[in-house]
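# Chains, contacts and geometry: an overview
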Amino acid sequence: MQKPIIEVKDLVKSYDNFNAVKSISFNVYQGEIFGLLGPNGAGKSTTLEVIETLREKTSGTVIVDGIDLDENPGAIKKIIGVQLQSSGFYPGLNLLELIKLFAGLYNKTVDPFELLKKVNLVDKAKSKSKELSGGQRQRFSIATTLINQPKIIFLDEPTTGLDPQARRNLWDLIREIRDNGTTVIITTHYMDEAEQLCDRIAIMDEGKIIKLDSPDKMIDELVAGGFERPKQVKAANLEDVFIHLTGKEMRDE
Ligand code: ADP
Ligand code: MG
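Calculation notes
Residues numbered from 1 in each chain as written. Chains lettered and ligands numbered in written order. Predicted model: local features only at pLDDT ≥ 70, side-chain atom pairs only at ≥ 80, totals over all residues. Heavy atoms only, no water. Helix = DSSP H or I, 4+ residues; strand = E, 2+ residues; numbered from the N terminus. Rg over C-alpha atoms; globule rule 2.2 N^0.38 Å. Contact = heavy atoms within 4.5 Å. Areas by Shrake-Rupley, 256 points an atom, 1.4 Å probe, with all protein chains shown as cover. Lys, Arg positive; Asp, Glu negative; His and termini not counted. Charge placed at Lys NZ, Arg CZ, Asp CG, Glu CD. Pairing = 2+ DSSP bridges. Axes fitted to C-alpha atoms, helices over the stretch in contact; angles between N-to-C directions. Polar contact = N/O pair within 3.5 Å; in protein donor to acceptor, adjacent residues only side chain to side chain. Salt bridge = Lys/Arg side-chain N within 4 Å of Asp/Glu carboxyl O. Buried < 20%, exposed > 50% of the residue type's maximum accessible area, 1.4 Å probe, protein only. Expected span 1.5 Å × (residues − 1). Arc of directions from axis to C-beta.

Of regular secondary structure, the protein possesses nine helices and 10 strands. Taken against the 2.2 N^0.38 rule, which gives 18 Å for 253 residues, the C-alpha radius of gyration of the protein at 19 Å falls within 12% of a compact globule. Dimensions of the protein, computed from C-alpha atoms along their principal axes, come out at roughly 55 × 55 × 40 Å. At a minimum sequence separation of 6, the contacts of the protein that also span at least 24 residues come to 66%. Entry remark: accessible area of the protein is about 13700 Å², with carbon and sulfur atoms responsible for 50%. A gap of 3 Å separates the mean positions of the 33 positive and 38 negative side-chain charges of the protein.

The next thing to look at is the sheet that holds strand β10 (residues 208–213). Read from one edge of the open sheet, six strands run β6-β7-β8-β3-β9-β10, paired in mixed fashion. Either end of the sheet is taken by a strand with one partner, and the two such strands are β6 (80–82) and β10. On average, adjacent strands in this sheet sit at an angle of 15° to one another, irrespective of strand direction. One ladder, built from four bridges, connects strand β3 (residues 33–37) with strand β8 (residues 183–187); its direction is parallel. Along β8, the bridge assignment pairs Ile33 with Val184. The sheet contacts of helix α6 (residues 164–179) involve β3, β7 (152–156) and β8, and relative to β8 the element is tilted by about 150°.

A side-chain oxygen of the first residue of helix α9 (residues 238–246) lies 3.1 Å from the backbone nitrogen of Glu239; this N-cap is Asn237. Backbone geometry just after α9 places Gly247 at a positive phi near 90°.

Attention now goes to the pattern of salt bridges. Following the criterion strictly, the structure yields 13 salt bridges and no others. In this structure, the salt-bridge partner of Lys9 is Asp10, at a minimum N-O distance of 3.5 Å. Arg167 is the partner of Asp192 in a salt bridge, and the nearest nitrogen-oxygen pair spans 2.9 Å. With Asp192 in helix α7 (residues 191–197) and Arg167 in helix α6, the pair connects residues that are 25 residues apart, well separated along the chain. Classification of Asp192 as partly exposed rests on a relative accessible area of 29%.

Glancing now at helix α3 (residues 95–106). Here α3 spans 17 Å end to end across 12 residues, near enough to the 16 Å set by a 1.5 Å rise per residue. Within α3, burial applies to Leu95, Leu96, Leu98, Ile99, Phe102 and Ala103. Looking straight down α3, one finds its buried side chains confined to an arc of 160°; they lie on one side. Pointing more than 90 degrees away from the buried face of α3 are the exposed residues Lys100 and Leu105. In this structure, the buried side of α3 is in contact with α4 (112–118) and α5 (134–145). A distance of 3.0 Å separates the backbone nitrogen of Leu96 from a side-chain oxygen at the start of α3, and that oxygen is part of Asn94. Downstream of α3 by a residue or two, Asn107 has a phi angle that is positive, lying close to 65°.

Turning to the sheet that holds strand β2 (residues 18–29), a few remarks are in order. Read from one edge to the other, the open sheet built from four strands follows the order β2-β1-β4-β5, with strand pairing classed as antiparallel. What marks the edges here is a single partner per strand, and that holds for β2 and β5 (67–68). Of the strand pairs in this sheet, strand β1 (residues 4–15) and strand β4 (residues 59–64) are connected by five bridges, and their pairing is antiparallel. Residue pairing across strands places Val8 opposite Val62, the latter belonging to β4.

What follows is the structure, given as structure tokens:
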């Protein structure tokens, strides 16, 4: 049932004398949303970039969908989708033109409108990326990860800086992508996001994985250990108030 699609074993990445990733091992299962959490500098992006074939590892093994990174990084590249930095979007091109350009780079033919429909941006087809709001730009950059119909997509802090509505909208999109059969690896600094979105999470600190489990199990374990919140927990939080007052619908359309 739970088939690993990514197998990382004893992965080490050093930059000169500095060990950014210190022998970590983990599996990501097919069809799950897997979260990498940890403070800035923990080694999350480095880990993702090694798996994405964008950075050379120092040692260890990485196997993606049965393909050994040491043997055939090109084959791995073909089955993964990596979020491009929005700064990499040519400012003069509109969304349709950008999709056609990226599809050409992947040697794929795609229906740009169908792709834009998936991320709810059809009416922005003729807009340039600089004319999009933050949430729209993130949705477009997620759309670009889907161009080569990947088995796995990598999202490095896709919701950083977004307002609560745009963030929730992106969660729906990410769930939809997973429900359509794509495995998702995501990093985030938002714990509520990880709790709601991720099937399992690995917590990294100083280059090591210090915990790996489902959010539910981690919380249950903490509580079973006698942990109590210092403050009485209310039935709602400030974000609930905000969403209740301002509505769930997107504002940036
Ligand atoms: P995270 O994504 O968890 O914030 P990173 O993987 O970006 O962490 O970085 C992990 C550590 O490696 C940090 O201390 C960072 O400064 C260092 N680092 C990242 N990239 C480089 C690089 N190209 N050269 C040297 N050090 C780097
Ligand atoms: Mg990072």
